[in-house]
Amino acid sequence: MLNQIIDWLVERVSMPSFREFLTDSLIELYSIKTIPTDNLKATAGNEQKALDYIKKLLVKHAPIGILEEIPIAEGLRNAHSYINPYYAESRNVYDNRRNLVHIWESSQMAKNGKHVALNAHIDTIAPFIEPHVVNDIVFGRGACDDKGGCINIIAALRLLAEIGCLFEVYPGGRVTSMFVIDEETGGNGSLSLTLDKELMDKINTMVVLEPTNRQIHPANRGALWYKIEIPADNLSKSILILLKIIIALERAGKKIKSESIHPLFPDKPVQTCQGIFGPYGEHPSRVCDRIEFFLESSLADFDMVKLIEKGLGKYFKEYGEKTSIERHYNLEYKDNGFHVTILGSSGHMAAASQVDNAIIKAAYIITGISKSDKDLKIAFPDRVKIPALILEGGQGFLPCHTLSEIENRLTDAVQTVINEYRKVSKESFQTPKVSFNKLRNTAFAGDPESRSMVNAIFAAESVGIMIKKPISGFPASCDARLFAKTPGNIDTITVGPGRIKDAHSDSEKIDIGELSESCAFLALYILIQTRAKGIGL
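Everything quoted here is computed from the prediction, not taken from an experiment.

*Asks:* Quick question: what am I supposed to make of the sheet that holds strand E11 (residues 290–296) here?
*Replies:* Hydrogen bonds between backbone atoms are what pair the strands of a sheet, whose relative direction is either parallel or antiparallel. With respect to topology, four strands assemble into an open sheet ordered E12-E13-E11-E14, the strand pairing being antiparallel. Pairing within the sheet leaves two strands with one partner each, and these edge strands are strand E12 (329–334) and strand E14 (377–379). Mean inter-strand twist for the sheet, computed between neighbouring axes without regard to direction, equals 25 degrees. Summarising the sheet, E11 and E14 pair through three bridges and their orientation is antiparallel. Within the sheet, the bridge partner assigned to Leu295 lies in E14 and is Ile378. The sheet strands contacting helix H7 (residues 235–259) are E11 and E14, and the helix crosses E14 at an angle near 85 degrees. Of the strands in this sheet, E11, strand E13 (337–343) and E14 are in contact with helix H9 (residues 358–372), which crosses E11 at around 15 degrees.

Below is the structure:
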């Protein structure tokens, strides 16, 4: 029976009708903007539109089960892992907002059956990308992070319903599907569900859908977002000092990486991401691809170009010269100064080594120019005025470091720059405000040889997905840690279609062929892991 079901799954997901269902569902869900903002009424309204569409798909395609919108828990703020949402300061931020849960208990529930839960998030980061299709690849914000994961779950449930009709084989345990909000801000949607003891007690294995390129991970790296705030009364001085702080943070990140030795993370996916600098950048964990300055300088055009190229050379020596962009900067002489635009390429923090961070590049260029022109004045174009200069970014880390250790390293890096400035300039300078009040995701490591992992690898390979060995951890952070660290120590894996390098990028996408295979994998895995009659291994 197992081989028959595998053969059927492989054939079914290759059918044009199934792939058309995936494409149409993705386009519809992508078209709903679910980027949380300080307009909480609009945020809740957009989330509701997405949940309503998911409910529509579940009612039509999933097995009949309990479908419930669960309000965000009232005691959420008191939870240990609660994180203040970066987009709103209101204490009522979660009023009239909810997660969606679908629970299916089949007629073949077994006494020894295991309960499996699936989790994907509906929120995305900015900016919005209009959905479109090119050669079976669907582009749009949330394509792989993580609306593709939502459709993956729905399509897997549809396959299970069809398997039940054709083969009379059903999961041997409860299947819980979660569609949550606020993953990108730190996981408060999933955290709210972990506080529901009755719900969590019926989960043995948690599958968190994220863009892993369909690789199966029993571990996640951690992530800590930082915010550094400097008074902008002397903007030129503040910009220069903050650029020096960026270089110090990068060096601190490299030191953390050098110490990061863990068997599940042999490639050391420890990234430092500079996401927002003043008015430039979109998100702390999205690599910034453009930043502009106006430089008031007496240098000749030729000398300015020479210094920019010298700064670029130092940047290339540290990070390599990326070929993903046509040019690294534009320079225009105007208003007795230079308007310099420094260019890069955007992407997810986890893909920092593959993309090109304009903020870091600017740090090397501008600090280099300042050494040759002691009278250099730095401003933003059009003399944009701001009350404070703010840098936001993120630091990745492995289970061998704690959150508090990372906080201390980054804080020390900032203070070292300030101390050096005071020593050299003989001037006082207010210590920047360093805070870590946003995303604070711990790292975790599960068992790569657990039954959940063994079954997942078998299911993936059975439907044609090649799994790389040895098994490694996910080089990014997500809600998986919240379930892995619950009192019941739920066996948690992270897997899903799409690539992390495409998440948060301007060309976020998902391949329909790969999504189809992921649907077959997930359906088969549920049958095996729940110990379906005649299927469980």
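*Asks:* Please clarify how the pattern of salt bridges should be interpreted in this entry.
*Replies:* In a structure, side chains of opposite charge can pair up when their charged atoms sit close to one another. Summed over all chains, the structure comprises 23 salt bridges. For Lys55, the salt bridge goes to Glu69, with nearest N and O atoms at 2.5 Å. In this pair, Lys55 sits in helix H3 (residues 40–61) while Glu69 sits in strand E1 (residues 66–71), placing the two residues 14 residues apart along the sequence. Across the pair Lys255 and Glu259 runs a salt bridge whose closest N-O atoms are separated by 2.6 Å. Separated by four residues within a single helix, Lys255 and Glu259 lie in helix H7, roughly one turn from each other. Take Lys255: its relative accessible area is 46%, and that puts it in the partly exposed class. The class for Glu259 is partly exposed, based on a relative accessible area of 26%.

*Asks:* Explain the state of the cysteines to me, please; I cannot follow it from the model alone.
*Replies:* Each disulfide consists of a covalent bond between the sulfur atoms of two cysteine residues. Scanning all chains against the criterion turns up zero disulfides. This cysteine, Cys288, is not joined by any disulfide, and Cys273 carries the nearest cysteine sulfur, 9.0 Å off. For Cys288, a relative accessible area of 3% gives the class buried.

*Asks:* In this structure, what is going on with unusual backbone geometry? I would like to understand it.
*Replies:* As a rule of thumb, non-glycine residues mostly have phi less than zero, and peptide bonds are mostly trans rather than cis. Following Asp145, the chain continues into Asp146 via a peptide bond in cis, with omega recorded as 15 degrees. If you trace the backbone, Asp146 turns up in the loop between strand E5 (137–139) and helix H4 (147–167). Cis peptide bonds are those with omega within 30 degrees of zero, and the linkage from Lys469 to Pro470 qualifies with -5 degrees. With respect to the helices, strands and loops of the structure, Pro470 is situated in the loop between helix H11 (451–462) and helix H12 (480–484). Here Arg214, not a glycine, exhibits a phi torsion of approximately 70 degrees, which is positive. Relative to the assigned elements, Arg214 resides in the loop between strand E7 (205–209) and strand E8 (219–220).

*Asks:* I keep staring at the packing of aromatic side chains and nothing clicks. Help me out?
*Replies:* Geometry of an aromatic ring pair is reported as the spacing of the ring centres plus the angle between the planes. Counting across every chain of the model gives 15 aromatic pairs. Arranged with centres 6.2 Å apart and planes meeting at 50 degrees, the rings of Phe18 and Phe21 form a pair that is tilted. Residue Phe18 and its partner Phe21 are both found in helix H2 (residues 16–30); the two are separated by three residues, about one turn of the helix. Side by side, Phe18 and Phe21 carry an identical accessibility label, which is buried.

Basis of the calculations
Residues numbered from 1 in each chain as written. Predicted model: local features only at pLDDT ≥ 70, side-chain atom pairs only at ≥ 80, totals over all residues. Heavy atoms only, no water. Pairing = 2+ DSSP bridges. Helix = DSSP H or I, 4+ residues; strand = E, 2+ residues; numbered from the N terminus. Axes fitted to C-alpha atoms, helices over the stretch in contact; angles between N-to-C directions. Contact = heavy atoms within 4.5 Å. Salt bridge = Lys/Arg side-chain N within 4 Å of Asp/Glu carboxyl O. Buried < 20%, exposed > 50% of the residue type's maximum accessible area, 1.4 Å probe, protein only. Disulfide = S-S within 2.5 Å. Phe/Tyr/Trp six-rings, centres within 6.5 Å; stacked < 30°, edge-to-face > 60°.

It is worth stressing that arrangement in space is one thing and function is another; only the former is reported here.
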